[in-house]
Amino acid sequence: MNATDPVSNLAGLIRCPSVTPAEGGALALLETLLSPLGFEVDRVVATEDGTPDVENLYARLGTDGPHLMFAGHTDVVPVGDEAAWSHPPFAAEIAGGEMFGRGAVDMKGGIACFVAAIARHIEKHGKPKGSVSFLITGDEEGPSINGTSKLLEWAAAKGERWDACVVGEPTNPNQLGDMIKIGRRGSLSGRITVQGVQGHAAYPHLADNPIRGMLQLTHALMDPPFDNGTDNFQPSNLEVTTIDTGNAATNVIPARATASFNIRFNDTWTAETLRAEIIRRLDAAAADGALRPARTPVNYEIVWADRPSHVFLTRNNALISSLSGAVAEVTGLEPKLSTTGGTSDARFIKDYCPVVEFGLVGQTMHMVDERVAVADLETLTRIYETFIERWFGHAAQ
């Protein structure tokens, strides 16, 4: 394979059925591409009780600073109904100027382009005056336990240090050059259980309907708003994602009700202050007798999900300006600097070095017929190549 060709790189990666947490041959292919370029490649298997083992890859070219990391994942989500695909999901077929396949944009395409970009840089200029590394996980689409966070710990324990990182997630909403992610909102989830007393629906005075209490609690979580947003982040937003009683009977008041929620929060909050605010709201709502007149306060308990994602904002001008300048030079567009969207593995990387995200157009990610414009692969490769030149030039000043 010619590593300078992003189309060939991506086709090879798509043909590896690396549905999380399976390696599927994708990391082996990356090693085949990177080793001839001079990268020292390590394949690191991370384990934890109760979770599947995950194979990851770390590759480094060079021994000196400055040190630029490219991060991403080769694992993909399941294909869904394979019969609904216009082209086989692991065939990498090209039709109408687009390559079809699971992972085309999320995010094997970004990896394919960065490999091509560094290969071209080496071909034209020789090795960078510093170091470049790839930190690639097989656990981003899974529980994210045995992936990037553990690979970072492993590499840091070896003495690895980084000056900047680009994550190749699909950040652009409509066209290549629209958006660079310079931060992410935090994410916090919880599950509330309200205990009631089961009884006959015709005799409510002999029962205690937990749904009444749950409605009070969930209303308090959603209103009033948590904040109005900040200079760099949109308003925090909480969504109740499930309410359930496990009750199939229409004439029985259930014994308990449960509800799950998730809040995406901005830099007004930390996970700790947000937990305290949610408890304050729940306690106040539990004592409100509007839906439960003459009753004792709602009997509830809350269990927080493990490992909240913390909000962060990258302010590193060398990294942001080098990437923004590369996008503008190649596409003629001034990318928006954004903190919108969900979480990514950048939430782990931000503890080690400044990090931004930029990749392909994400309109078809996780969908049937996930696909990428072949022309975009060449454009993204040119952006990455230009960025590499700009960043190392800036870092050398």
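All residue numbers here refer to positions counted from 1 along the written sequence of the relevant chain. Two thresholds apply to this predicted model, a pLDDT of at least 70 for residue-level local features and 80 or more for giving and counting side-chain atom pairs, whereas whole-chain, interface and lining totals are computed over all residues. Excluded from the side-chain calculations are hydrogens and water; all other atoms, namely the structure's heavy atoms, are used.

Chemist: Explanation requested: the sheet that holds strand β12 (residues 237–244) in the structure shown.
Modeler: Strand pairing in a sheet is mediated by backbone hydrogen bonds. Such pairs are either parallel or antiparallel. Any two strands are treated as partners once DSSP identifies two or more bridges connecting them. By the criteria applied, helices consist of DSSP H or I runs no shorter than four residues and strands consist of E runs no shorter than two, each listed in order from the N terminus. Strand order in the open sheet formed by 4 strands is β12-β14-β10-β15, with antiparallel pairing between adjacent strands. Each edge of the open sheet carries a strand with a single partner, namely β12 and β15 (299–304). Strand-to-strand, the axes of this sheet are offset by a mean angle of 20°, without reference to chain direction. Bridging between strand β10 (residues 186–195) and strand β14 (residues 256–265) involves 10 bridges; their strand directions are antiparallel. Note that in β14 the partner of arginine 191 across the bridge is serine 260. With respect to the sheet, helix α5 (residues 210–222) is in contact with β10, β12, β14 and β15, its orientation differing from that of β14 by roughly 5°. An axis is simply a line fitted to the C-alpha atoms; with a helix, the fit covers only the stretch in contact. Between two such axes, the angle follows the N-to-C directions and lies from 0 to 180 degrees. The contact definition used throughout considers only heavy atoms, calling two residues in contact when any of these lie within 4.5 Å.

Chemist: Mind showing me how you'd approach the packing of helix α1 (residues 6–14) against helix α2 (residues 26–34) here?
Modeler: Packed helix pairs are characterised by how far apart their axes lie and by the angle those axes make with each other. Where α1 meets α2, the closest approach of the two axes is 9 Å, and the angle between their N-to-C directions is 150°. One way to sum up the angle between α1 and α2 is to call them roughly antiparallel. Note on packing geometry: the crossing formed by α1 with α2 is right-handed. Of the residues in α2, those touching α1 at Asn9, Gly12 and Leu13 are Ala26, Leu29, Leu30 and Leu33. Asp, Glu, Lys and Arg are counted as charged, while Ala, Val, Leu, Ile, Met, Phe, Trp, Tyr, Cys and Pro are counted as nonpolar; the rest, among them Gly, fall into the polar class. A per-class count over the contact of α1 with α2 returns 5 nonpolar, 2 polar and no charged. Any angle that falls under 35 degrees is termed roughly parallel, while one over 145 is termed roughly antiparallel, one within 65 to 115 roughly perpendicular, and all others oblique. Two helices cross in a left-handed way if the nearer one is turned anticlockwise from the farther one by less than a right angle. They cross in a right-handed way if the turn is clockwise.

Chemist: Quick question: what am I supposed to make of the state of the cysteines here?
Modeler: What we call a disulfide is simply a covalent bond connecting the sulfur atoms of a pair of cysteines. For this text, the term disulfide refers to a pair of cysteine sulfurs within 2.5 Å. Across all of its chains, the model carries 0 disulfides by this definition. Not part of a disulfide, cysteine 165 finds its nearest cysteine sulfur in cysteine 353, a span of 5.2 Å.

Chemist: Help me understand the environment of methionine 69 in this model?
Modeler: Residue placement: methionine 69 occurs in strand β3 (residues 67–73). In the structure, methionine 69 is positioned 137 residues away from leucine 206 in sequence and 64 Å away in space, judged by C-alpha atoms. In contact with methionine 69, other than residues within four places in its own chain, are Ser133, Leu135, Leu152, Trp162, Ala164, Cys165, Val166 and Ile349.

Chemist: Even after reading the chapter, I still don't get the nonpolar core, so can you show me in this structure?
Modeler: Generally speaking, a soluble globular protein has its nonpolar side chains buried in company with each other. Judged by nonpolar contacts, the single largest core of 60 residues is most densely connected at Phe39 and Phe134. Apart from residues no more than four positions distant in its own chain, phenylalanine 39 is found in contact with Leu34, Ala59, Arg60, Leu61, Ile118, Val132 and Phe134. As used in this record, nonpolar core signifies buried Ala, Val, Leu, Ile, Met, Phe, Trp, Tyr and Cys residues forming a set joined through side-chain atoms within 4.5 Å. Burial here depends on accessible area, computed with a 1.4 Å probe over protein chains only, as a share of the maximum for the residue type. Under 20% is buried, over 50% is exposed, and the range in between is partly exposed. Among the nonpolar cores identified, the runner-up in size contains 26 residues, and Phe261, Ala285, Tyr300 and Val311 belong to it.

Chemist: Please explain the pattern of salt bridges as it appears in this structure.
Modeler: A pair is scored as a salt bridge if a Lys or Arg side-chain nitrogen falls within 4 Å of a carboxyl oxygen belonging to Asp or Glu. Under the counting rule described, the total for this entry stands at 16 salt bridges. Here glutamate 370 ties to arginine 102 by a salt bridge, and the two come within 2.8 Å at their closest N and O atoms. Here arginine 102 lies in the loop between β5 (98–100) and α3 (108–125) and glutamate 370 lies in the loop between β18 (355–357) and β19 (371–373), a separation of 268 residues in the sequence. Using a relative accessible area of 1% as the deciding quantity, one classes glutamate 370 as buried. On the basis of relative accessible area, arginine 102 is assigned to the buried category, the value being 2%.

Chemist: Please clarify how unusual backbone geometry should be interpreted in this entry.
Modeler: Note: most peptide bonds trans; most residues except glycine with negative phi. A cis geometry characterises the amide bond from threonine 20 onward to proline 21, with omega recorded as 5°. Looking at where proline 21 falls in the secondary structure, it is placed in the loop between α1 and α2. With an omega of 0°, the peptide bond between glycine 65 and proline 66 qualifies as cis. Although it is not a glycine, histidine 366 sits at a positive phi angle of roughly 70°. Assignment of secondary structure puts histidine 366 in the loop between β18 and β19.

Chemist: What exactly am I supposed to notice about the environment of leucine 217 here?
Modeler: Positionally, leucine 217 belongs in helix α5. A relative accessible area of 0% places leucine 217 in the buried class. Taking the C-alpha atoms as reference, leucine 217 lies 9.1 Å from tyrosine 300; in sequence the two are 83 residues apart. Sequence-distant contacts of leucine 217, defined by excluding residues within four places in its chain, comprise Ile192, Val194, Leu282, Ala285, Ala286, Val298 and Tyr300.

Chemist: Is there a simple way to think about α2 in this case?
Modeler: The α-helix advances 3.6 residues per turn, and as a result positions three or four apart in sequence lie on the same side. Looking at α2, one finds that the buried residues are Ala26, Leu27, Leu29, Leu30, Leu33 and Leu34. Each buried residue of α2 sits inside an arc of 155° when the element is viewed along its axis, so together they form one side. Regarding the arc, it is the one traced by the directions from the helix axis to the C-beta atoms.

Chemist: Which parts of the structure should I look at to understand a nonpolar patch on the surface?
Modeler: A patch is a set of surface residues, each over 30% in relative accessible area and not in a salt bridge, joined within 9 Å for like charges and within 5 Å for the nonpolar side chains Val, Leu, Ile, Met, Phe, Trp and Tyr. Values of accessible area rely on a 1.4 Å probe in the Shrake-Rupley scheme; residue burial ignores everything except the protein chains shown. Together, Ile211, Leu215 and Leu291 give the surface a local cluster of nonpolar side chains, amounting to about 220 Å² of exposed area. Inspection of the secondary structure puts isoleucine 211 in helix α5.

Chemist: Please explain the sheet that holds strand β4 (residues 94–95) as it appears in this structure.
Modeler: On the basis of which strands lie adjacent, the open sheet formed by 3 strands has the order β4-β5-β19 and antiparallel pairing. On the outer flanks of this sheet lie β4 and β19, each paired with one strand and no other. As defined by bridge partners, β4 adjoins β5 across 2 bridges and the pair is classed as antiparallel. In the sheet register, isoleucine 94 faces β5, and the bridge partner there is methionine 99. Relative to the sheet, α1 contacts β4, β5 and β19, its axis offset from that of β5 by approximately 20°.

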